[in-house]
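Secondary and tertiary structure notes
Here is what each chain is made of, one letter per residue.
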Amino acid sequence: MKLKIPGVPQATVLRRYTPGQPLVDGPVLSLPPGGAIAEGLSKILERAGVSGSGESQGGASQRWAAIIFDATGIRDVAGLSTLHGSIAPAFRYLRPSGRLIIFGTPPEDSAEPERAAAQRALDGFVRSAGKEARLGTTANLVYVADGAESGLESTLRFFLSGRSAYVDGQVVRLRAAKPTPTADWAHPLKGRVAVVTGAARGIGAAIAEILARDGAQVVVMDMPAQGAALAEVANRVGGTAFQVDITSKEAPAHIGAYLTDRHEGADIFVHNAGITRDRSLVNMPADQWASVLAVNLDAQLRINDALLHENVLHPGSRVICISSTSGIAGNRGQTNYAASKAGIIGMVQAMAPEMARREMTINAVAPGFIETAMTKAMPFATREIGRRINSLNQGGLPVDVAETVAWLGQPGTGGVNGEVIRVCGQSILGA
Ligand SMILES: NC(=O)c1ccc[n+]([C@@H]2O[C@H](COP(=O)([O-])OP(=O)(O)OC[C@H]3O[C@@H](n4cnc5c(N)ncnc54)[C@H](O)[C@@H]3O)[C@@H](O)[C@H]2O)c1
């Protein structure tokens, strides 16, 4: 239970996804009319049964559930004024847990300095809007590369819906990828085999549950010592359990053989198992350094190697690696942990081109402060500060990390590759 602290504002209860819930809980304002990808966006909204669109439907003062702004056509500084002129009047009328989603083109893809500048300006705009937003509203930016327009749907749906409740101030790049239609948006992972390491409890167990809810057949993995808890999770999600210490020498080969023999391979692999052994650098024993690097980083590298080498992953596969905002911002007492979590980002970025060649993706999810047994054990003051230093003024839940993993796991999310998505409510750390 959270305590009320005098003088400290209470956090808004975020709108989180439940099956059957509409994508948004009100009309969506789409701006500006006639933008380069506006037609594609409005077709997606139509298919999703979302009402509203241009300013004519009630003007700026409607209680909008979301504002979608197509900024892909902005090429210069003057063009940026439309961003201010159109969004500012409607922004104050967003409903609680509202959404501001801006679409641009990757600045680095432009050879024209002014166009690149104008597109990069969107980044600062969105992050600032996220910090000004109130009542659970989030602001995110999607850069859509040339040829990636047909792969927008899973990403637009994710950012509009309650699935992205704790994803705020993020910038995602969408690149051209083989189009993969999704037949059933309530079960986008139907027919996929998904593996989650460290799934006996906490965030891993939540990931297993959400992947199963979305239709995947789930294989949960954890240490033999966690066998009973792991079996319980497997039963809950109608999946299978495989006990393995991912740091053992044989683990990569055993995991590969198990998946090939029992499931004819896998489509989603979530590297979630992780440990902390916090100590200041000068007081850190060598074994604490080594164990954190072994579980959090080396095991992921060795398992990925085996999965690709033994062709365990099918074309269209998704590998998702759990990093941490500590790996982006650094954290006192966590030189080992932050090094391991930053290392994951290096691995993801280096593997992305090879994964694309195989029609696969690899991405990192970096959680911020998540309400788990680990954060519950923190001293009161550290915990209260940790959970409040973000734009949403609260900690996230394991399900928020799980929803992000599930979006990256979708067949239709093939355009997102080599990215790092923070699930941190726009924490001021690692921004
Ligand atoms: N809780 C947070 O706020 C937070 C924030 C950022 C990142 N993360 C990351 O999210 C992931 C899950 O965190 P959590 O809070 O649920 O942790 P947790 O300690 O509750 O669960 C981790 C699981 O990994 C398993 N595991 C550890 N070593 C293993 C090994 N050698 N082989 C197989 N399984 C092993 C554990 O048995 C445990 O079930 C971790 O990678 C963690 O670093 C958590």
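Computed from a prediction, not measured in an experiment: that's the story for all the values here. (Residues numbered from 1 in each chain as written. Predicted model: local features only at pLDDT ≥ 70, side-chain atom pairs only at ≥ 80, totals over all residues. Heavy atoms only, no water.)

1. So, the overall build of the protein
When helices and strands are counted, the protein shows 13 helices and twelve strands. Here the C-alpha radius of gyration of the protein, 21 Å, is about what a compact globule of 431 residues would show, namely 22 Å. Based on the C-alpha atoms only, the size of the protein along its principal axes is roughly 60 × 50 × 45 Å. Scored against the burial criterion, the 431 residues of the protein give a buried share of 55%. Restricting the contact set of the protein to residue pairs at least 6 apart, pairs at least 24 apart contribute 76%. Put simply, the protein shows about 18,100 Å² of open surface, and 55% of that area lies on carbon and sulfur atoms. Between the mean site of the 41 positive side-chain charges and the mean site of the 38 negative ones, the protein shows a separation of 7 Å. (Helix = DSSP H or I, 4+ residues; strand = E, 2+ residues; numbered from the N terminus. Rg over C-alpha atoms; globule rule 2.2 N^0.38 Å. Buried < 20%, exposed > 50% of the residue type's maximum accessible area, 1.4 Å probe, protein only. Contact = heavy atoms within 4.5 Å. Areas by Shrake-Rupley, 256 points an atom, 1.4 Å probe, with all protein chains shown as cover. Lys, Arg positive; Asp, Glu negative; His and termini not counted. Charge placed at Lys NZ, Arg CZ, Asp CG, Glu CD.)

2. Regarding the domain arrangement of the protein
What the domain assignment reports for the protein is domain 1 (28-174) and domain 2 (193-423). Measuring from the centre of the C-alpha atoms in domain 1 to the corresponding centre in domain 2 gives 29 Å. With 22 residues of domain 1 at the interface, the matching set in domain 2 holds 24 residues. Taken over both partners, the interface formed by domain 1 and domain 2 buries close to 1,700 Å², and the fraction arising from carbon and sulfur atoms is 53%. (Domains from an automatic or database assignment. Buried area = accessible area lost by both parts, 1.4 Å probe.)

3. Observations regarding the packing of helix α7 (residues 251-263) against helix α8 (residues 286-309)
Between α7 and α8, whose axes approach to 9 Å, the crossing angle comes to 40°. Considered as vectors, α7 and α8 are oriented oblique to each other. Viewed along their axes, α7 and α8 form a crossing whose handedness is right-handed. Where α7 approaches α8, its residues Pro252, Ile255 and Leu259 are matched on the opposing element by Arg302, Ile303, Ala306 and Leu307. When the residues that make up the contact of α7 with α8 are grouped by side-chain class, the tally is six nonpolar, no polar and one charged. (Axes fitted to C-alpha atoms, helices over the stretch in contact; angles between N-to-C directions. Parallel < 35°, antiparallel > 145°, perpendicular 65-115°, else oblique. Left-handed = near helix turned anticlockwise from the far one by under 90°. Nonpolar A, V, L, I, M, F, W, Y, C, P; charged D, E, K, R; others polar.)

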